[in-house]
Amino acid sequence: MRTRFALPALCAALMMLTGTAGAQLHDPATPPAVAAKIALRGEANGIAVREMRILRKNDILTVQADLSNTGRSDRTMFYRFSWLDSIGSPVGDGESWKQISVLGLGQQTVKSVAPTSAAIDLRLEMNVQPR
């Protein structure tokens, strides 16, 4: 009788663990809609993407993302934008990684333009260095 109840509880606990283990660790200050456009390489380490503006100008996508350092110490991060077509495949040759420093409690804006008009979506890839 005791085994009957232990097995469902164990399965539920395993499902909860596997659901959170694969999730990326975005900063809580990053809105969920913006977090869907971010691909983290590691942890956010206090860098939040507060806002992302995506516009189509002359049939080409452009993006501006506002980064915010929620900690007091300066952060070094590497980023690049990946542009995707209608089926989610990469478009263009791909951007190289760029380095940026975000001062403690400061903000930075990063910008990019899609390589072709075939790009309809994007991901901001980020690697934030630990202290």
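Cut-offs applied
- Residues numbered from 1 in each chain as written.
- Predicted model: local features only at pLDDT ≥ 70, side-chain atom pairs only at ≥ 80, totals over all residues.
- Heavy atoms only, no water.
- Pairing = 2+ DSSP bridges.
- Helix = DSSP H or I, 4+ residues; strand = E, 2+ residues; numbered from the N terminus.
- Axes fitted to C-alpha atoms, helices over the stretch in contact; angles between N-to-C directions.
- Salt bridge = Lys/Arg side-chain N within 4 Å of Asp/Glu carboxyl O.
- Buried < 20%, exposed > 50% of the residue type's maximum accessible area, 1.4 Å probe, protein only.
- 1 Å grid on protein atoms, 1.4 Å probe; cavity = no way out; pocket = protein on both sides within 12 Å on 5 of 7 lines; lining within 4 Å.
- Points joined across faces, edges and corners; volume = space filled by probe spheres on them.
- Nonpolar A, V, L, I, M, F, W, Y, C, P; charged D, E, K, R; others polar.

(A) Here's a closer look at the sheet that holds strand β6 (residues 107–113). The three strands are arranged β2-β3-β6 in an open sheet whose pairing can be described as antiparallel. Where the open sheet ends on each side, the last strands, each with one partner, are β2 (47–57) and β6. With direction set aside, neighbouring strand axes in the sheet form an average angle of 15°. As paired elements, β2 and strand β3 (residues 60–69) share 10 bridges and run antiparallel to each other. Paired with Arg53 across the strands is Gln64, a residue of β3.

(B) Summary view of the pattern of salt bridges. According to the stated counting rule, one finds eight salt bridges in the structure shown. Across the salt bridge formed by Asp59 and Arg56, the nearest N and O atoms sit 3.4 Å from each other. Owing to a relative accessible area of 47%, Asp59 belongs among the partly exposed residues under this scheme. The partly exposed category is assigned to Arg56, whose relative accessible area is 39%. When the shortest N-O distance is used, the salt bridge between Asp121 and Arg123 registers 3.1 Å. Among the residues examined, Arg123 registers a relative accessible area of 27% and is labelled partly exposed. Within the structure, one salt-bridge network assembled from shared partners comprises Lys37, Asp121 and Arg123.

(C) Summary view of the layout of surface pockets. The space that makes up the largest pocket amounts to roughly 160 Å³. Contributing to the lining of the largest pocket are 13 residues, with Phe81, Ser82, Trp83, Gly94 and Glu95 lying nearest its centre. At four residues, the largest contribution of residues to the lining of the largest pocket is made by strand β4 (residues 75–84). The residue makeup of the lining of the largest pocket, split by class, is six nonpolar, three polar and four charged.

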